[in-house]
Amino acid sequence: MPSLEACIALKHALAEEQLVCMPLDRDPHRTVLCTRAAYVHRLKTLFVDDTTHYEVCTATPATIEARWREMFDAAGWRRYGHFDARGSVGYAYCFAKAKNLAKSRVIVSCAKHPLRSILHLVGRVLIQLLLRSAFPSFNLYSLQEFTARLEEYSQTVDPSDSLFGLYTDVEEMYTGMKHGAILDAVAFVLELCKAALRSPYVSVAKQHRGAFHVGQSRAKGVATFHLDDLLPFVRFELENLCFTLGPEVLLRQVIGAPMGGFTSPGCAQCVAAVAEYRCMRLVLASSRLFAARYMDDTFCVLNITATQRCSATLSEMLHPLLHMFADSGLEVEVEPALWAPCCHPASLWAAVSSAPFGTRTPTLRPPAPSVCAAFCRASPRRALLSARS
């Protein structure tokens, strides 16, 4: 491991040679080296040329930060935390994607946001509320839940059943969400929580990441939120997604939530969970469904009858799964997956491990052989193509 001084010296040396060194997405131990001109071209293509997601702000960062301070004082948010007068708007940069070095992942750093201490807590509360609302969705809060869910589903499967399995990936899960869809999904989750929780208040520790409980608290270092106060924070961040691109350009994101935003993970999980909840009500009426999603990767299994296996009927069943995010501005892409016959108990796990969902962690343990034995070869691809059209 090189020392900090060596890293700084390397950075200066690269700058003198007009080179940029950026981490490889999802593989922080590898880096990509490109010319400064190539990196600037990436940023220009991602932000300046994309007039759909971003617009140029005519105000200065100082003006925006002053307006944030006025909104903070008017809303009475001081009871939740402080406004950091030394804070500033975020800044944008990008990583090269591991799958395709020509593509980039957009990142907006909000580490110096004046309201970072409060927005960070709001983001944590949203995820915890999703966990406690207990309404059906595909969401996995930990990859270790996957094996338990799959084993539970196996109890409902007969070896003679006909199963159709597929992997899907939610395209631009963060940056493609419509702001209206985000607000609607968060409001939907909050309404469910009001009915399910014993108190309209939730408390979260400011320092300890896992400390969360329902109800009020006056303990030191704990912030208490009323459920009605969470949506205004989400609306504030969505309406004020301003960041700098280099020293001179100031942009505002008008579609999606930035990777790097404090409430972005919670908002994305709410949008996905609400869409899945509505989709399950349609699909479960005609099929026993197993589905598990970790972030933007989803693994689905449909238990279908011999009659439903025909292309036309299967296409109708898959349509809700492949189009459930359409109202949110997102698209579902089907990942190619190899499904082996069930002659070997580990055939299903081999398919799971070789696909993007299974490769996220090396510690995911395979399910019991009885789980795998029931799964057979996937149905014709023609039905899948028909459902996507």
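Everything below is about the structure printed above this text.
It should be emphasised that the depicted structure is a prediction, and the values quoted were computed from it without experimental measurement. (Residues numbered from 1 in each chain as written. Predicted model: local features only at pLDDT ≥ 70, side-chain atom pairs only at ≥ 80, totals over all residues. Heavy atoms only, no water.)

### Quick look at the side chain of His 53
Quick reminder of the rule: Secondary structure elements are taken from DSSP: a helix is a run of H or I of four residues or more, a strand is a run of E of two residues or more, and numbering for both begins at the N terminus. Identification of polar contacts relies on pairs of N or O atoms within 3.5 Å, with a donor-acceptor requirement for protein atoms, meaning one able to donate a hydrogen and the other able to accept it, and with residues adjacent in sequence counted only if both atoms are side-chain atoms. The contact criterion used throughout is that any non-hydrogen atoms of two residues lie within 4.5 Å.
Assignment of secondary structure puts His 53 in the loop between helix H2 (36-48) and strand S3 (54-56). Among the polar contacts made by the side chain of His 53, one reaches the main-chain carbonyl oxygen of Thr 175 at a distance of 3.3 Å. With residues up to four places along the chain from it excluded, the contact list for His 53 reads Glu 172, Thr 175, Gly 176, Arg 252, Gln 253, Val 254 and Ile 255.

### Quick look at the packing of aromatic side chains
This is how the line gets drawn: Any pair of Phe, Tyr and Trp rings, taking the six-membered ring for Trp, is counted once the centres come within 6.5 Å. Such a pair is stacked with planes under 30 degrees apart, edge-to-face with planes over 60 apart, and tilted for the rest. Partly exposed describes any residue whose relative accessible area lies between the buried limit of under 20% and the exposed limit of over 50%, with all areas from a 1.4 Å probe on protein chains only and scaled to the type maximum. Whether a charge sits over a ring comes down to the Lys NZ or Arg CZ being within 6 Å of the ring centre and within 35 degrees of the ring normal.
Counted under the stated rule, the structure contains 13 aromatic pairs. Geometrically, the ring pair formed by Tyr 54 and Phe 243 is edge-to-face, given 5.9 Å between the ring centres and 90° between the ring planes. Within this pair, whereas Tyr 54 is found in strand S3, its partner Phe 243 is found in strand S10 (residues 242-245), the two being separated by 189 residues in sequence. For the pair Tyr 54 and Phe 243, one class covers both residues: buried. Connected via pairs of aromatic rings, a cluster forms that spans Trp 68, Trp 77, Tyr 80, Phe 225, Phe 233 and Phe 236. Here Arg 278 stacks its cationic end above the ring of Phe 188, 5.0 Å away from the centre of that ring.

### Concerning the packing of helix H4 (residues 116-133) against helix H7 (residues 230-239)
Rules: Axes, fitted as lines to C-alpha atoms, cover a helix only where it is in contact. Angles between the N-to-C directions of the axes lie from 0 to 180 degrees. Small angles under 35 degrees read as roughly parallel and large ones over 145 as roughly antiparallel, with 65 to 115 read as roughly perpendicular and the rest as oblique. With the far helix as reference, a near helix turned anticlockwise by less than a right angle produces a left-handed crossing, and one turned clockwise produces a right-handed crossing. Classification used: nonpolar for Ala, Val, Leu, Ile, Met, Phe, Trp, Tyr, Cys and Pro, charged for Asp, Glu, Lys and Arg, polar for all others including Gly.
With their axes 10 Å apart at the nearest point, H4 and H7 run at an angle of 120° to one another. As summarised for this structure, H4 and H7 are arranged oblique, according to the angle between their axes. In the packing of H4 onto H7, the handedness of the crossing is left-handed. Contacts between H4 and H7 pair Ile 118, Leu 119, Val 122, Val 125, Leu 126 and Leu 129 from the former with Leu 230, Phe 233, Val 234 and Glu 237 from the latter. Each residue belonging to the contact of H4 with H7 can be placed in one class, and the counts come to nine nonpolar, no polar and one charged.

### Regarding the environment of Arg 235
Turning to its location among the elements, Arg 235 is positioned in helix H7. For Arg 235 and Gly 180, which are 55 residues apart along the polypeptide, the C-alpha to C-alpha distance reads 9.5 Å.

### Details of the pattern of salt bridges
Pairs can form between side chains of opposite charge once their charged atoms are near each other. For clarity, the threshold we go by: Here, a salt bridge means any side-chain nitrogen of Lys or Arg that lies within 4 Å of a carboxyl oxygen of Asp or Glu.
Scanning the entire structure with this criterion turns up ten salt bridges. Note that Glu 191 is salt-bridged to Lys 194, the shortest N-O span being 3.3 Å. Here Glu 191 pairs with Lys 194, and both are found in helix H6 (residues 179-196), just three residues apart, close to one helical turn. On the basis of relative accessible area, Lys 194 is assigned to the partly exposed category, the value being 35%. Overlapping salt bridges bring together Arg 69, Asp 73 and Arg 78 as one network.

### Comments concerning the sheet that holds strand S7 (residues 201-205)
Strand pairing in a sheet takes place through backbone hydrogen bonds and is either antiparallel or parallel in direction. To be explicit about the condition: Should DSSP find at least two bridges between two strands, the strands are regarded as paired.
Ordered by their spatial adjacency, three strands build an open sheet running S8-S7-S9, and the pairing between neighbours is antiparallel. Sheet topology places strand S8 (212-214) and strand S9 (222-226) at the edges, where each strand pairs with a single neighbour. The average angle at which neighbouring strand axes cross in this sheet is 20°, direction not considered. Where S7 meets S9, five bridges bridge the pair, whose relative direction is antiparallel. Counterpart to Val 202 in the pairing with S9 is Phe 225.

### Focus: unusual backbone geometry
Of note in this structure, Glu 172 is not a glycine but carries a positive phi near 50°. Inspection of the secondary structure assignment puts Glu 172 in the loop between strand S6 (162-171) and H6. Phi angles above zero are rare outside glycine, and Met 295 is one such case at about 60°. Structurally, Met 295 is set in the loop between strand S12 (288-294) and strand S13 (297-304). By relative accessible area, Met 295 is classed as partly exposed at 27%.

### Comments concerning the pairing of strand S5 (residues 104-109)
Counting buried residues along S5, six of its six residues qualify, which places the element largely inside the surrounding structure. Side-chain alternation along S5 places Ser 104, Val 106 and Val 108 on one buried face and Arg 105, Ile 107 and Ser 109 on a second face that is also buried. Pairing geometry for strand S4 (residues 90-96) and S5, over six bridges, is antiparallel. In the strand pairing of S5, Tyr 91 is matched with Ser 109.

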